[in-house]
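Structure assessment
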Amino acid sequence: MELAYEEIAGKKRAVTLVEISWNEQIGNVKMKKLNFGENLDLRNECMKLTVLGGQEKIELDQKKMSEQSLLRSIVEAPFQINLESIRSLEPEDGEKLLSAFNELNNPSIKKKEN
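Position labels on residues start from 1 in each chain and follow its written sequence. Side-chain atom pairs in this predicted model are given and counted only at pLDDT of 80 or more, local residue features only at pLDDT of at least 70, and totals for whole chains, interfaces and linings cover all residues. Hydrogens are left out, water is left out, and the side-chain values use all remaining heavy atoms of the structure.

1. With respect to the nonpolar core
In plain terms, the rule: In plain words, nonpolar cores are sets of buried Ala, Val, Leu, Ile, Met, Phe, Trp, Tyr and Cys residues tied together by side-chain atoms within 4.5 Å. For every residue, the accessible area (1.4 Å probe, protein chains only) is compared with the maximum for its type, and the residue is labelled buried under 20%, exposed over 50%, or partly exposed between those bounds. Helix and strand labels come from DSSP, where a helix needs a run of H or I of at least four residues and a strand needs a run of E of at least two; each type is numbered from the N terminus. Residue contacts follow a heavy-atom distance rule, with two residues in contact if any of their heavy atoms lie within 4.5 Å.
Among the nonpolar cores identified, the biggest contains 19 residues, and M31, L70, I74, F79 and L97 are the most heavily contacted of them. Elements supplying a minimum of two residues to this core: β2 (11-22), β3 (25-32), α1 (36-46), α2 (62-73) and α4 (91-105). Sorting elements by how many residues they give to this core places α4 first, with 5 residues. Apart from residues lying up to four places away in sequence, F79 is in contact with I20, W22, V29, I74, S85, I86 and L89.

2. Structural notes on α1
Operational definition: What the arc covers is the set of directions going from the helix axis to the C-beta atoms.
All of the buried residues in α1 are N39, L42 and C46. Each buried residue of α1 sits inside an arc of 60 degrees when the element is viewed along its axis, so together they form one side. Facing away from the buried side of α1 by over 90 degrees, the exposed positions are F36 and N44. Elements that come into contact with the buried residues of α1 comprise β4 (47-52), β5 (55-60), α2 and α4.

3. So, the packing of aromatic side chains
What counts is decided by this rule: Classification of ring pairs rests on two measures: the distance between centres of Phe, Tyr or Trp rings, Trp counted by its six-membered ring, which must be within 6.5 Å, and the angle between planes, read as stacked under 30 degrees, edge-to-face over 60 and tilted in between.
As enumerated under the stated definition, the model contains 1 aromatic pair in all. Ring centres 4.8 Å apart and planes at 45 degrees place the aromatic pair W22 and F79 in the tilted group. Remark: F79 occurs in the loop between β6 (74-76) and α3 (83-87) and W22 occurs in strand β2; sequence separation between them is 57 residues. Each member of the pair, W22 as well as F79, is classed as buried.

4. A closer look at the sheet that holds β3
Defined as follows: At least two bridges found by DSSP between two strands are what make those strands a pair. Axes here refer to lines fitted to C-alpha atoms; in helices the fit is confined to the stretch in contact. Angles between the N-to-C directions go from 0 to 180 degrees.
The strand order across the open sheet built from 4 strands is β1-β2-β3-β6, with neighbouring strands paired in antiparallel fashion. Two strands in the sheet have a free side with no partner beyond their single neighbour: β1 (4-8) and β6. Across the sheet, the mean angle from the axis of one strand to that of its neighbour is 50 degrees, orientation sign disregarded. Two strands pair when backbone bridges link them, and β3 and β6 are joined in this way by 2 bridges, in the antiparallel orientation. Of the residues in β6, the one forming a bridge with K30 is E76.

Shape is all these values report; function is a separate question.
Below is the structure:
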């Protein structure tokens, strides 16, 4: 993945471009690396910690995590950046964007080689 650095909201941020198809045309989606606070907010919104009998249990809403990850990371796209548009992506394009999000925000997660 190629990274560039751009000013977003007054701060230099790592960004990457991901090519997808939208409305039968090829377009680029620009995604930013989330900062520490944005990552904390994302996890806080999508995870629930409960304690039962002294045992901690973490529940992750995977659907919400995927959707919110893209909503928070996408800064430019050939579509309106909203939940409805993200849900209407072709499955392979949604997976491509999630993979780019994970690579960008979790550098220790390596892309699987086939």
